Amino acid sequence: MKNKKELETLRHSASHIMAAAVCGLFPEVKIAIGPSIEDGFYYDFYKTESFTPEDLPRIEEKMREIIKANYPFICKTMKKDEAIKEFKESGEKFKAEIAEGIEGDTVNIYQCGAFSDLCRGPHINSTGEVKFFKLLSVAGAYWRGDSSKEKMQRIYGTAFFSQEELDAYLLQIEEAKKRDHRKLGKDLDFFSICDEVGGGLVLWHPKGALVRDIIERYWKDFHLKNGYELLSTPHIASEELYSISGHLQTYSENMYAPMEIEGKPYRIKPMNCPGHLMIYKTKLHSYKELPIRYAELGSVYRFERSGVLHGLLRARGFTQDDGHVIVAPEMLEEEMLKIFNLAVEMLKTFGFSEYEICLATRPENKFVGEIASWEAAQKSIESTLQKTQYKYEIDEGGGAFYGPKIDIKIKDSLGRSWQCSTIQFDFNLPERFDIYYIDENGKRARPYMIHRALLGSLERFFGVLLEHYSGALPLWLSPIQTVICNINDEQTEYCKDLLEKFKQNGIRASFDGRNEKIGHKIREIAMQKVPYIVVAGNKEKDSGAVSARARGNKDLGAMPINAFIEKIKKEEADKM
RNA sequence: GCCGAGGUGGCUCAGUGGUAGAGCACCUCCUUGGUAAGGAGGCGGUCGUGGGUUCAAUUCCCACCCUCGGCUCCA
């Protein structure tokens, strides 16, 4: 197994080979940049006509020629001025612009065969080392990611050190497509999004709404057990509120237009925090009450540009599992640790045990509060993280303008990571809302405030859950835990009694009494990913038993009714 | 928002300058069958919307809307 650095070098070199192939096939293109990325590489080209997917095999073919020729990668150091002059003369204005931005007097040019490119390197020794690669897709992009600048054509590809790794990756892409939560949502009849309601606005069907309700109940119970108080705040609020919070000034491009009610402008809620702070402000608070922990499954609406909507993962209306903790400065560290542990406990319950944890610190320029307070807060967050067993990275300057934060990304069963939990420190709102508590000396003191979401949003989390489990939700989250099937009409009454018994024991069950062959019913129910199928024919009826079959074709054989009920109840209790 | 690809019955998708087809689903009938599709018949679409070209447009052209893949952004 080669290390990450070597893989990046391989992929980066593959992007050069691709650029060489493209320049060979399309002499009119100008080249821009071609980095390695998490799963492969890309290269941006300037070309008036778009590439089509049909171009990819031609480019791959050309790449194979270059690889076969086994050109060495030769690094030449040039005077920067000369390089810029050369790029300008050959019309490579993007390369010239990149060179101009490089510090120092010299730049490196890497050459392989007839193709040369401004590049920091490093590269592999020769093109022949790239053996296992595939071009994946074409896409539009912009020079420097700015849509007012030139439109580029981006080609994505990937490369590995072995055919096995490449095949595994391509298989994973296929598997990810099959697991797409939008497809699963439709196939399993969980939710839909329709034009008449509008993009990014989710309709929850009975089964999806039931799963959501199971999640919500667990979540509420979990928070009540852990010292939180549940709140509920309105979906619209006077603009005045968002003027106090500052959202009107800093967040208005994500807010929906105002509506006028009795001459006063109102807005749809984009954030829950202002409402929570208004609740805090309705009375005086003693230091003895702190920390005060408020939580709400708060639905918010944010304007997202149409191009970015993506099923449940990026919607316009969504429900945050929001919480705000008001804490005295000296309690901050302890409370941060508590929240972190809650997040991990909850994520584990849902079956996510691998995380990427990130501490995002003060942005370079735009921020509120004193630098000294930021540093103190960051220090306390870091000390919190050090007390946990988890590794974390520091995202320098990645914090919000109002405070540093911890983000927890979860890794799903395909190794993809998703941002869910976030714990954010806030220097801004306590000031803006002028919230305070009365300290030991009877004086007003400014508390700290922490925003936290453990799941992120119910919509996104549900989408991630669906993809993680490929729709086969654990029993405790399955909207239908078992379907009872009869063989023929002789067992209909017996099956109805079973259904009643299951329901009385809190099992989410249904009865498929259709006049269909058992194989047909099994097939349909199995495709709906129901955890258990119970078959009751005359054999079972006569012996007071059920024949059970677990998801994944596992025949459990016949067992007494109560044995089956106990089995389900145990799995439910263990959150399996 | 920008670039690209698409919008055909509830779903998945064929197809065509002469106003449409399959499979699944649905309905009816036959079938009562022991672990991933029993059989027959039937209902169902002004082919995303609005213009244009044409004797004739679902098909060609233009605009718009929406979806998808990206860019950017984000819970």
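Because the structure is a prediction, the values reported are computed rather than measured.

Here is what the cut-offs are and how they apply
- Residue indices begin from 1 for each chain and proceed along its sequence in written order.
- Lettering for chains starts from A, numbering for ligands starts from 1, and both go in the order in which the items are written.
- With pLDDT at 70 or above as the cut-off, local features in this predicted model cover only qualifying residues; side-chain atom pairs require 80 or more to be listed or tallied, and sums for whole chains, interfaces and linings still use all residues.
- The side-chain numbers reported here are obtained from all heavy atoms of the structure, hydrogens and water having been left aside.
- Only heavy atoms are used to decide nearness, and a residue is near a molecule or strand if one of them lies within 4 Å of it.
- Residues adjacent in sequence count toward polar contacts only when both atoms are side-chain atoms; beyond that, a polar contact is any pair of N or O atoms within 3.5 Å, and within protein one must be able to donate a hydrogen and the other to accept it.
- A run of DSSP states H or I qualifies as a helix once it reaches four residues; a run of E qualifies as a strand once it reaches two. Both are numbered from the N-terminal end.
- Here the term charged refers only to Asp, Glu, Lys and Arg, the term nonpolar to Ala, Val, Leu, Ile, Met, Phe, Trp, Tyr, Cys and Pro, and the term polar to all other amino acids, Gly among them.
- Strand pairing is assigned whenever DSSP identifies at least 2 bridges connecting the two strands.
- Axis definition: a line fitted to C-alpha atoms, limited for helices to the stretch in contact. Angles are taken between N-to-C directions and run from 0 to 180 degrees.
- We call two residues in contact whenever any of their non-hydrogen atoms come within 4.5 Å of each other.
- Any angle that is under 35 degrees is reported as roughly parallel, and any over 145 degrees as roughly antiparallel; angles of 65 to 115 degrees are reported as roughly perpendicular and all others as oblique.
- Throughout, a crossing is termed right-handed when the near helix is turned clockwise from the far one, and left-handed when it is turned anticlockwise from it by less than a right angle.

Caption draft 1: Main features of the protein's contact with RNA strand B. Taken together, 47 residues surround RNA strand B, and among them Tyr142, Lys151, Ser306, Arg314 and Asn515 come closest. Here, RNA strand B places atoms within 4 Å of the protein, and 46% of those atoms are sugar or phosphate. The side chain of Ser457 places a nitrogen or oxygen atom 3.2 Å from a base nitrogen of RNA strand B. Here Arg460 contributes a side-chain N or O atom positioned 3.0 Å from a base oxygen of RNA strand B. Looking at which element gives the most residues to the surface near RNA strand B, the answer is helix H16 (residues 518–527), with 8 residues. Taken together, the residues of the surface near RNA strand B sort by class into 12 nonpolar, 18 polar and 17 charged.

Caption draft 2: Spatial organisation of the sheet that holds strand E5 (residues 106–112). The antiparallel open sheet is built from 3 strands, whose spatial order is E4-E5-E6. The sheet is open, and its two borders are formed by strand E4 (74–79) and strand E6 (115–118), each paired with just one other strand. Between one strand axis and the next, the sheet turns through 30° on average, direction left out of account. Relative to E6, E5 runs antiparallel, the two being bridged by 4 bridges. Following the sheet pairing, Cys112 is matched in E6 by Phe115. Of the strands in this sheet, E5 and E6 are in contact with helix H1 (residues 4–25), which crosses E6 at around 125°. The sheet strands contacting helix H3 (residues 80–89) are E4, E5 and E6, and the helix crosses E4 at an angle near 105°.

Caption draft 3: View of the packing of H1 against helix H2 (residues 55–69). Closest axis-to-axis distance for the H1/H2 pair is 8 Å, and the angle between their directions is 110°. In terms of orientation, H1 lies roughly perpendicular with respect to H2. When the axes of H1 and H2 are compared, the crossing they make is right-handed. Where H1 approaches H2, its residues Ala14, Ile17, Met18, Ala20, Ala21, Val22, Gly24 and Leu25 are matched on the opposing element by Arg58, Ile59, Lys62, Met63, Ile66 and Ile67. Each residue belonging to the contact of H1 with H2 can be placed in one class, and the counts come to 11 nonpolar, 1 polar and 2 charged.

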